[in-house]
Amino acid sequence: MATKRERAVAILDAVESKARLKSRTLIGSGIAVLFLIAVAYITMWQFAAGGGLLIALLLQMTHERMTVAADAMIEENMQKLGWKLEALDDEESMTKLRELANRIEG
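The structure presented is a predicted model; accordingly, all values stated were derived computationally and were not measured. (Residues numbered from 1 in each chain as written. Predicted model: local features only at pLDDT ≥ 70, side-chain atom pairs only at ≥ 80, totals over all residues. Heavy atoms only, no water.)

A. The nonpolar core, seen in detail. With 13 residues, the main nonpolar core has A8, I11, L12, M78 and L97 as its most contacted residues. Looking at this core, the elements with two or more residues in it are α1 (4-42), α2 (45-81) and α3 (91-102). (Core = buried A, V, L, I, M, F, W, Y, C linked by side-chain atoms within 4.5 Å. Buried < 20%, exposed > 50% of the residue type's maximum accessible area, 1.4 Å probe, protein only. Helix = DSSP H or I, 4+ residues; strand = E, 2+ residues; numbered from the N terminus.)

B. Layout of α3. Between its first and last C-alpha, α3 extends 17 Å over 12 residues, near the 16 Å set by a 1.5 Å rise per residue. Along α3, the residues classified as buried are S93, M94, L97, L100 and A101. Relative to the axis of α3, the buried residues are bounded by an arc of 115° and lie together on one face. In α3, the exposed positions that point more than 90 degrees away from the buried face belong to E91, E92, E99 and N102. (Expected span 1.5 Å × (residues − 1). Arc of directions from axis to C-beta.)

C. How the structure looks around the pattern of salt bridges. What the rule picks out here adds up to three salt bridges. As a salt-bridge pair, D71 and K18 come within 2.4 Å of each other at their nearest N and O atoms. With a gap of 53 residues between them, D71 in helix α2 and K18 in helix α1 connect regions that are remote in the sequence. For D71, a relative accessible area of 32% gives the class partly exposed. Where E91 meets R98, a salt bridge forms, and the shortest distance between an N and an O atom there is 3.5 Å. Relative accessible area serves as the criterion here: at 39%, R98 is assigned to the partly exposed category. (Salt bridge = Lys/Arg side-chain N within 4 Å of Asp/Glu carboxyl O.)

D. Looking closely at the confidence of the model for the chain. Across the chain, the average pLDDT comes to 89, with 96% of residues at 70 or higher. No element of the chain has a lower mean pLDDT than α3, at 85, and none a higher one than α2, at 94. (pLDDT = per-residue confidence, 0-100.)

E. Layout of the environment of A10. On the secondary structure map, A10 appears in helix α1. In the structure, A10 is positioned 35 residues away from W45 in sequence and 45 Å away in space, judged by C-alpha atoms. Beyond its immediate chain neighbours, meaning those up to four positions away, A10 contacts M73 and N77. (Contact = heavy atoms within 4.5 Å.)

F. The packing of α1 against α2, seen in detail. Close contact between α1 and α2 brings their axes to 9 Å; oriented N to C, the two are set at 175°. Taken together, α1 and α2 sit at an angle that is classed as roughly antiparallel. Of the residues belonging to the contact of α1 with α2, the class tally is 22 nonpolar, eight polar and six charged. (Axes fitted to C-alpha atoms, helices over the stretch in contact; angles between N-to-C directions. Parallel < 35°, antiparallel > 145°, perpendicular 65-115°, else oblique. Nonpolar A, V, L, I, M, F, W, Y, C, P; charged D, E, K, R; others polar.)

So, in structure tokens, the structure goes:
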């Protein structure tokens, strides 16, 4: 059985991951574009276009999957703590959540 501290840490990790997801998706897209330009230069542009469609599909699926996983982690742990999801919008609640995460249970 998870403690309050473990649940608070899981919520904060999920919130942080969700915040970094957009930048990571953009970095992945940038790397893919560079790779596809190299493929288009070395081979035919049609290969690069097909690869671009495939990579775009994979990036979209990954982004959606990570968003759903983070939302589920947040919702599940908030319910286990007995909090409402609206508490994440309140700075006072986030401070309390950080205090719970830093607390040493013994």
